[in-house]
Amino acid sequence: MLFPTLCVDGFFQNPDQVVSIAKQCPMERTSYRPGTRSPCLSQVNMDFYNYVNTKILKLFYPGKDFSYNASTHFQSTFPDENTVDGWVHQDANYMITAIIYLNHCNVGTSIFTRKDEFKLPIFAGDVKHKYFATYESIDHPERERIKKIKEEVNSQYDESISVQGKYNRVMCFDGNSYHTTQQGVCHEERLILISFIRDVRIVGEKTTFPVSEMNSL
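Residues numbered from 1 in each chain as written. Predicted model: local features only at pLDDT ≥ 70, side-chain atom pairs only at ≥ 80, totals over all residues. Heavy atoms only, no water.

Peer 1: Quick question: what am I supposed to make of the overall build of the protein chain here?
Peer 2: Per the secondary structure count, the protein chain includes five helices and 10 strands. Against the 2.2 N^0.38 benchmark of 17 Å for 217 residues, the protein chain shows a C-alpha radius of gyration of 18 Å, consistent with a compact globule. Principal axes of the C-alpha set define a box for the protein chain whose edges measure 55 × 45 × 25 Å. The buried share among the 217 residues of the protein chain stands at 47%. Excluding contacts between residues fewer than 6 apart, the proportion of contacts in the protein chain whose partners are at least 24 apart in sequence is 87%. A total of about 11600 Å² of accessible surface is found on the protein chain, and carbon and sulfur atoms cover 49% of it. Computed over 23 positive and 26 negative side-chain charges, the separation of the two mean positions in the protein chain equals 1 Å. (Helix = DSSP H or I, 4+ residues; strand = E, 2+ residues; numbered from the N terminus. Rg over C-alpha atoms; globule rule 2.2 N^0.38 Å. Buried < 20%, exposed > 50% of the residue type's maximum accessible area, 1.4 Å probe, protein only. Contact = heavy atoms within 4.5 Å. Areas by Shrake-Rupley, 256 points an atom, 1.4 Å probe, with all protein chains shown as cover. Lys, Arg positive; Asp, Glu negative; His and termini not counted. Charge placed at Lys NZ, Arg CZ, Asp CG, Glu CD.)

Here you go:
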């Protein structure tokens, strides 16, 4: 782990304007999540993309200049009790995952730890992604089979940190953290801005990472 889990309220000065930007973005189905996701915002509004990611990284590197790569998207999910969601997983290709909640639903994100350190975890992999790509057409027996697979995957973990969704709240965590969307029903569209950040480097000096610095003592 390189980065701690952080939760900060009041991320944007004008979150309503950010919601308006989201509503103007093209959104497409994705096999990574139920619902829809925008293209990377670097393809839509480069100034906004740089602003968001710079603001996120300032939480970890105040007063520093830095470089990074990021995949940053708006993501929309509508309430559906029949959707098998909430699979514990990692974003292991990224250093930081940052989620900014842009609706008034309290369904947030939880961080988990493995129950057995010495047993390699089972991941859902293609089963989950295939399900998300076709979940509207899944019949009841197949949905029950998928639910059992999800329960088997999630049974390997204990919930460690629970952060409720709150309008204009940002949650950041290390990409290697086990995490998932919390269970619960939103009575409105669940809109978030999610950024997967990697290749973070401090310009002009040695790059350090918060958790590594803590563990150096």
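Peer 1: Got a minute to help me understand the environment of Val203 in this structure?
Peer 2: Within the secondary structure, Val203 sits in the loop between strand S10 (190–202) and helix H5 (210–215). Counting along the chain gives 137 residues from Val203 to Phe66, while the straight-line C-alpha distance between them is 5.0 Å. Those residues in contact with Val203 that sit more than four places away from it in its chain are Asp65, Phe66 and Ser67.

Peer 1: What am I meant to see in the packing of aromatic side chains here?
Peer 2: Both the distance between ring centres and the angle between the ring planes are used here to describe each pair of aromatic rings. Applying the stated rule across the entire model yields 12 aromatic pairs. Seen in terms of ring centroids, Phe11 and Phe12 are 4.8 Å apart; in terms of plane orientation they differ by 85 degrees. Their pairing is edge-to-face. An identical accessibility class is assigned to Phe11 and Phe12; each is buried. Where Tyr49 meets Tyr68, the ring centres are 6.4 Å apart and the plane angle is 40 degrees; that geometry is what we call tilted. Highlighted residues: Tyr49 in helix H2 (residues 46–58) and Tyr68 in strand S4 (residues 66–77), separated in sequence by 19 residues. Of the two residues, Tyr49 and Tyr68, both sit in the buried class. Among the aromatic residues, those joined into a cluster by ring pairs are Phe3, Phe60, Tyr61, Phe66 and Phe209. Seen from the ring of Phe132, Arg33 lies directly overhead, with NZ or CZ sitting 6.0 Å from the centre. Stacked on the ring of Phe11, the Lys or Arg Lys55 has its end atom at 5.5 Å from the ring centre. (Phe/Tyr/Trp six-rings, centres within 6.5 Å; stacked < 30°, edge-to-face > 60°. Lys NZ or Arg CZ within 6 Å of the ring centre and 35° of its normal.)

Peer 1: Got a minute to help me understand the sheet that holds strand S6 (residues 109–114) in this structure?
Peer 2: The strands making up a sheet associate through backbone hydrogen bonding, with each pair oriented either parallel or antiparallel. The antiparallel open sheet is built from three strands, whose spatial order is S7-S6-S9. Strands with a single pairing partner mark the edges of an open sheet, and in this sheet they are strand S7 (157–163) and strand S9 (178–181). Going across the sheet, the axis of each strand differs from the next one's by a mean of 30 degrees, ignoring polarity. Here S6 runs beside S9; their pairing, made up of four bridges, is antiparallel. Within S9, the residue paired with Thr109 across the bridge is Thr181. (Pairing = 2+ DSSP bridges. Axes fitted to C-alpha atoms, helices over the stretch in contact; angles between N-to-C directions.)

Peer 1: Please clarify how the pairing of S4 should be interpreted in this entry.
Peer 2: Side-chain positions along a regular strand alternate between the two faces of the sheet. For S4, a buried count of 10 out of 12 residues is recorded, marking the element as mostly surrounded by other parts of the structure. Summarising the sheet, strand S3 (residues 36–37) and S4 pair through two bridges and their orientation is antiparallel. Opposite Arg37, over in S4, you have Gln75 as the bridge partner.

Peer 1: What's the story with the state of the cysteines in this structure? I'm lost.
Peer 2: Where two cysteines share a covalent bond between their sulfur atoms, that bond is called a disulfide. Enumeration over the complete set of coordinates arrives at zero disulfides. No disulfide involves Cys25; its nearest neighbouring cysteine sulfur is the one of Cys40, lying 11 Å away. Here Cys172 is not cross-linked by a disulfide; its sulfur's nearest cysteine counterpart is in Cys7, at 8.9 Å. (Disulfide = S-S within 2.5 Å.)

Peer 1: Explain the pattern of salt bridges to me, please; I cannot follow it from the model alone.
Peer 2: Should the charged atoms of two oppositely charged side chains come close, the side chains can pair. Taken as a whole and assessed by the stated rule, the structure comprises eight salt bridges. The residue Glu205 makes a salt bridge to Lys64 at a minimum N-O spacing of 3.2 Å. Remark: Lys64 occurs in the loop between H2 and S4 and Glu205 occurs in the loop between S10 and H5; sequence separation between them is 141 residues. Accessibility expressed as a relative area gives 29% for Lys64, which makes it partly exposed. A salt bridge links Glu144 to Lys147, with the shortest nitrogen-to-oxygen separation between them at 3.6 Å. With Glu144 and Lys147 both in helix H4 (residues 140–154) and three residues apart, the pair spans about one turn of that helix. Residues joined in a network through salt bridges with shared partners are Asp9, Lys166 and Arg169. (Salt bridge = Lys/Arg side-chain N within 4 Å of Asp/Glu carboxyl O.)

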